[in-house]
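Listed below are the residues making up each chain.
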Number of protein chains: 2
Amino acid sequence: METITIGQYDLIYNAFSFTFATMAAATLFFWFGRSQVADAYKTAMTVTGLVTAIAAYHYFRISESWADAFVLSNGTVVASEIAFNDAYRYVDWFLTVPLLLVELILVMGLSRQETTSKAIRLGLLAALMVGLGYPGEIADAASGRWLWGILAMIPFLWIVYELFVGLSRSVDQQPESARGLVKAAIWVTVLSWAFYPVVFFAGAIGLEGSTATTVVQVGYTIADIIAKAAFGVLIFMIAVRKSEADMGRARTA
Amino acid sequence: METITIGQYDLIYNAFSFTFATMAAATLFFWFGRSQVADAYKTAMTVTGLVTAIAAYHYFRISESWADAFVLSNGTVVASEIAFNDAYRYVDWFLTVPLLLVELILVMGLSRQETTSKAIRLGLLAALMVGLGYPGEIADAASGRWLWGILAMIPFLWIVYELFVGLSRSVDQQPESARGLVKAAIWVTVLSWAFYPVVFFAGAIGLEGSTATTVVQVGYTIADIIAKAAFGVLIFMIAVRKSEADMGRARTA
């Protein structure tokens, strides 16, 4: 991508700035919320805020990198000498995607042993998925994008299986007031994560140039907001309802 | 090292940025965790977060220094007028490596006298180890790297001895629920620290140029994440379990 319209440049820059503000605000919301939930769910809220904090840092960096990567010349926007560092996304996902699964597992309140084993297994699968996607993202040829993209789908499908099948018994054991929200959180995870390969493969089906850049950048940005900030709100609601349910049980015991 | 490929330059830059984000996130996690442990382990959590906070500061500086040390010229990355300041690492280690041993001793909850004497002895040995390594890191000849590297191994082996033999009685006195984790923390310390001399001596066995730079920088970065952030998670888990064990004992007493 050598040139890009001023409208596209502005749209992407503003999407990055918007997402920085959203992630930073979400972080503060989750960390304030920490004091409103029972001790058992405090770590879940800490991690939920960490995910959006890490994303806020990377969106700040991405927006700076985007601003440096272009210059205005004769009324058009052209690439500067400095390349846009798209790797910030993958660095972010490598850290935040495992943590997103960890926050879901933490808020479910499984046994200590199950928490550890599921957090490690799902965390490693998520890191593997992101690690396999990156060579495809930077591949020159569409074939490279297909190859690595399909390889990354294997841990993704494994995670989907673990979420729907491996966690199903634990979902049924959630207090009734939180069960629907836990199911919703699992669906938000799977559906929002499924959006990333759609954007990813948009680059492999011949979508090129500045339109492709706009679709990819704005697409990933929307997916990140849903998968991290909106998902985090669900985690907070689950933690609040489960805290209430635990208190109710303690009172009747 | 005069030139370096764009891929290597980017990999190192992104590894630094990733580590900054990881260390900053870990810091907040440990300091939030402070409220979830008994008073006896709060100082351990404070120090655990200090180690990653100091590392976050240095990785931020290192990434800035790295960006300043190279310029893009005709599609290749060449060294700029400003030298990369590798000393940030040693400054960091000089401060954080003694503190890593201090956090381990603090979470073990030894007697006041033992805590002080072991913290001073191990802290000084760790500072000596880092101080002896630095002249080797900046030595021009491989012989200098060997000489100082081997000298630095003496305090390192002493520390290993103190951890496995000097602390063995105290390990056996840990509550059963935490004993395995304390042993794991000692092993993580020894194994992750043993990784540094491997990277260090890679420069003495003839590995040169931009490949050596990449191995050294990425290698130290991975070792730092394991030795500080992953180790800190173990310290937090030990503190949580010991807090529970202490409470249980108080309740039955």
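For the structure itself, look to the data block above.
Residues numbered from 1 in each chain as written. Chains lettered and ligands numbered in written order. Predicted model: local features only at pLDDT ≥ 70, side-chain atom pairs only at ≥ 80, totals over all residues. Heavy atoms only, no water.

## Notes on the interface of chain B and chain A
Here's step 1: The partner chain A presents 20 residues to the 21 residues of chain B that form the contact.
Here's step 2: On the surface where chain B and chain A come into contact, there are 1 salt bridge.
Here's step 3: Across the pair A:R112 and B:E244 runs a salt bridge whose closest N-O atoms are separated by 2.9 Å.
Here's step 4: There are 9 residue pairs in polar contact (both at pLDDT 80 or more) connecting chain B and chain A.
Here's step 5: Of all elements in the fold, only α1 (6–33), α2 (42–68) and α8 (209–252) of chain B reach the threshold of two or more residues within the side of chain B that touches chain A.
Here's step 6: Per element, the largest residue contribution to the side of chain B that touches chain A is 11 residues, and it comes from α1(B). (Contact = heavy atoms within 4.5 Å. Salt bridge = Lys/Arg side-chain N within 4 Å of Asp/Glu carboxyl O. Polar contact = N/O pair within 3.5 Å; in protein donor to acceptor, adjacent residues only side chain to side chain. Helix = DSSP H or I, 4+ residues; strand = E, 2+ residues; numbered from the N terminus.)

## Notes on the sheet that holds strand β1 (residues 3–4) of chain B
Residues and elements named next belong to chain B.
Here's step 1: Taken in spatial order, the 3 strands line up as β1-β3-β2 in an open sheet, and their pairing is antiparallel. The open sheet has two edge strands with one neighbour each: β1 and β2 (70–73).
Here's step 2: With 4 bridges joining them, β2 and strand β3 (residues 76–79) adopt antiparallel strand pairing. Residue pairing across strands places F70 opposite A79, the latter belonging to β3. (Pairing = 2+ DSSP bridges.)

## A word on the nonpolar core
Buried together is how nonpolar side chains tend to be arranged in soluble globular proteins.
Here's step 1: Grouped together as the largest cluster of nonpolar side chains are 96 residues, with contacts concentrated most on A:W66, B:W66, B:L104, B:I159, B:L163, B:W193 and B:Y220.
Here's step 2: Ranked by the residues each element gives to this core, the list is headed by α8(B), at 14 residues.
Here's step 3: In contact with A:W66, other than residues within four places in its own chain, are A:I4, A:Y9, A:I12, A:Y13, A:F16, A:F84 and A:T213.
Here's step 4: By size, the runner-up hydrophobic cluster in this structure holds 53 residues, among which are A:V37, A:F156, A:V216 and A:I238. (Core = buried A, V, L, I, M, F, W, Y, C linked by side-chain atoms within 4.5 Å. Buried < 20%, exposed > 50% of the residue type's maximum accessible area, 1.4 Å probe, protein only.)

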